[in-house]
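Remarks on the overall topology
Letter by letter, the chains look like this.
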Amino acid sequence: MPKLSDVRRALDELYPPAWAESWDAVGLVCGDPEDEVSRVLFAVDPLQAVVDEAVAFGAQLVVTHHPLYLRGTTTVAADTFKGKVVHTLVRHGIGLMVAHTNADVADPGVSDALAEAVGLRVTGPLVPDPTDPTGRRGTGRIGELPAPEPLAAFAARVAAGLPATAQGVRAAGDPDRPVRRVAVCGGSGDSFFAEVRAAGVDAYVTADLRHHPASEARENADIALVDAAHWATEWPWLRSAESALLAVSEKHGWGLGTRVSTHVTDPWTAHAPMTFAPTTASRSSN
Ligand SMILES: [Zn+2]
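Residues numbered from 1 in each chain as written. Predicted model: local features only at pLDDT ≥ 70, side-chain atom pairs only at ≥ 80, totals over all residues. Heavy atoms only, no water.

Some words on the overall build of the chain
Scanning the chain from N- to C-terminus turns up nine helices and eleven strands. With the principal axes as the frame, the chain shows a C-alpha extent of 75 × 50 × 30 Å. Classification of the 286 residues of the chain by burial places 48% in the buried group. Counted over contacts in the chain with a minimum sequence separation of 6, partners at least 24 positions apart contribute 66%. Of the roughly 14300 Å² of accessible surface on the chain, 53% is carried by carbon and sulfur atoms. The centroid of the 24 positive side-chain charges in the chain is displaced by 1 Å from the centroid of its 35 negative side-chain charges. (Helix = DSSP H or I, 4+ residues; strand = E, 2+ residues; numbered from the N terminus. Buried < 20%, exposed > 50% of the residue type's maximum accessible area, 1.4 Å probe, protein only. Contact = heavy atoms within 4.5 Å. Areas by Shrake-Rupley, 256 points an atom, 1.4 Å probe, with all protein chains shown as cover. Lys, Arg positive; Asp, Glu negative; His and termini not counted. Charge placed at Lys NZ, Arg CZ, Asp CG, Glu CD.)

Topic: the packing of aromatic side chains
In this structure the tally under the stated criterion is three aromatic pairs. Between tyrosine 15 and tryptophan 237 the ring centres are 5.4 Å apart and the planes differ by 70°, which places this aromatic pair in the edge-to-face class. Residue tyrosine 15 is found in the loop between helix 1 (4–14) and strand 1 (27–30), and its partner tryptophan 237 is found in helix 9 (residues 230–252); the two are separated by 222 residues along the sequence. Overall, the relative accessible area of 3% leaves tyrosine 15 in the buried class. According to the relative accessible area criterion, tryptophan 237 is buried, its value standing at 0%. Ring plane angle 45° and centroid distance 6.4 Å describe the contact between tryptophan 231 and tryptophan 235, whose orientation is recorded as tilted. Of the two residues, tryptophan 231 and tryptophan 235 both sit in helix 9, four residues apart, roughly one turn of that helix. On the basis of relative accessibility, which here comes to 4%, the residue tryptophan 231 falls in the buried class. The aromatic ring of tryptophan 19 is capped on one face by arginine 137, whose charged end is 3.8 Å from the ring centroid. (Phe/Tyr/Trp six-rings, centres within 6.5 Å; stacked < 30°, edge-to-face > 60°. Lys NZ or Arg CZ within 6 Å of the ring centre and 35° of its normal.)

Brief notes about the coordination of the zinc ion
Donor atoms from the polypeptide that coordinate the zinc ion comprise His66 (NE2), His230 (NE2), Glu234 (OE) and Glu234 (OE), at 2.0 to 2.4 Å from the metal. Of note is the zinc ion, whose four donor atoms meet at the metal with angles of 57 to 130° in an arrangement that counts as irregular. Of the residues examined, glutamate 234 reaches a relative accessible area of 3% and is grouped as buried. (Donors = N, O, S within 2.8 Å, 3.2 Å for Na, K, Ca; no water. Tetrahedral: all angles 85-135°; square planar, octahedral: opposite > 155°, others 65-115°.)

A look at the sheet that holds strand 4 (residues 95–98)
Sheet architecture is open: five strands sit in the order 1-4-3-2-11, paired in mixed fashion. Two strands in the sheet have a free side with no partner beyond their single neighbour: strand 1 and strand 11 (257–260). In this sheet, neighbouring strand axes are inclined to one another by 25° on average, regardless of whether the strands run parallel or antiparallel. By the bridge criterion, four bridges tie strand 2 (residues 39–43) to strand 3 (residues 61–64) in an arrangement that is parallel. Opposite alanine 43, over in strand 3, you have threonine 64 as the bridge partner. (Pairing = 2+ DSSP bridges. Axes fitted to C-alpha atoms, helices over the stretch in contact; angles between N-to-C directions.)

Remarks on the domain arrangement of the chain
The domains assigned to the chain are domain 1 (4–103 + 235–260) and domain 2 (105–228). A straight line from the C-alpha centre of domain 1 to that of domain 2 covers 28 Å. Both faces considered, domain 1 and domain 2 share a buried interface measuring about 840 Å² in area, 71% of it formed by carbon and sulfur atoms. Run the count over domain 1 and domain 2 and you get zero salt bridges. Summed over the shared surface of domain 1 and domain 2, the number is five residue pairs in polar contact (both at pLDDT 80 or more). (Domains from an automatic or database assignment. Buried area = accessible area lost by both parts, 1.4 Å probe. Salt bridge = Lys/Arg side-chain N within 4 Å of Asp/Glu carboxyl O. Polar contact = N/O pair within 3.5 Å; in protein donor to acceptor, adjacent residues only side chain to side chain.)

Remarks on the pairing of strand 3
Both faces of strand 3 are covered, namely the face carrying Leu61 and Val63 and the face carrying Val62 and Thr64. For the handedness criterion, the β-α-β arrangement of strand 2, helix 2 (residues 48–57) and strand 3 is classed as right-handed. Here strand 3 pairs with strand 4 via four bridges, running parallel. Bridge pairing in strand 4 links valine 62 to leucine 96. Following the chain from strand 3 across helix 3 (residues 81–91) to the adjacent parallel strand 4, one finds a crossover that is right-handed. (Right-handed = clockwise from strand over helix to strand, strands pointing away.)

A few points about the nonpolar core
Ranked by size, the top nonpolar core spans 46 residues in total, and within it Leu61, Phe154 and Trp237 carry the most contacts. Looking at this core element by element, the count peaks at eight residues for helix 9. Formed jointly, this core draws a minimum of three residues from each of two domains, domain 1 (4–103 + 235–260) and domain 2 (105–228). Residues in contact with phenylalanine 154, not counting those within four places in the same chain, are Leu145, Glu149, Val179, Val182, Ala203, Val205 and Val226. (Core = buried A, V, L, I, M, F, W, Y, C linked by side-chain atoms within 4.5 Å.)

Overview of the sheet that holds strand 6 (residues 138–150)
Pairing is mixed across the open sheet formed by six strands, whose spatial order is 5-6-8-9-10-7. Pairing within the sheet leaves two strands with one partner each, and these edge strands are strand 5 (121–128) and strand 7 (170–172). Sheet twist, expressed as the average angle between the axes of neighbouring strands with direction ignored, equals 25°. Taken together, the five bridges between strand 9 (residues 203–207) and strand 10 (residues 224–228) define a ladder with parallel strand orientation. When the sheet's bridge partners are listed, alanine 203 is paired in strand 10 with alanine 224. The sheet strands contacting helix 5 (residues 110–117) are strand 5, strand 6, strand 8 (178–188) and strand 9, and the helix crosses strand 8 at an angle near 140°. Helix 9 rests against strand 8, strand 9 and strand 10 of the sheet, and its axis sits at about 95° to strand 8.

So, in structure tokens, the structure goes:
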């Protein structure tokens, strides 16, 4: 049976911590490298429900995309939510390991899994990593559909390809606009509109699009926008990371058991369709 240090080394080779952004906090958050690991749970967010799932699964390691702590803390008291997560992990001998922006830029990485989930063939990164001589790594991906289809059909394809969340999928643009070449970015992608424009794509699939960047992007170029829940755009990567670790496990005869969490940790839980249009009546003071 491998030690946590062995599994950590394998994950560090798949998603080298050196590839993470300078502000990020990746790698081993808690856990004893000398402990043995037989079961691993993959999840997007290190929330209590996920850690409880790891306990029930009998896991000795949880691998999450999002960090538990991005900044320093002065307490892990169990009456804080993060402290309770740490207590639960330590009490049950479970390690926590994070692969965040280092998994975003990996090849294959988070956006490869997103592209694949919505039926795109990846042709390259949206924002290439300047340190990668092969030009294959980077943030976001550009991909192509086998044949063009109207935006309405493409939005439905994205909705069908990702795990369901309350927000569903929003689209901006003419529903009949043909879509073939597409940029995707798992997670919050509204800082990459310049690169999306330069890529000459028909549509951009990402999450967390805010009013002003989205509105300005639409005014600047006829690129359709497709916005899904942050969690949903990153969830497909869990299967990719699981497969990659299972391949290492098979190579070394580790016999690891793995599971991808099905807890929907997107914070939004309900969606109310709106029913009235703004009035167009003119008013006058006399
Ligand atoms: Zn994210």
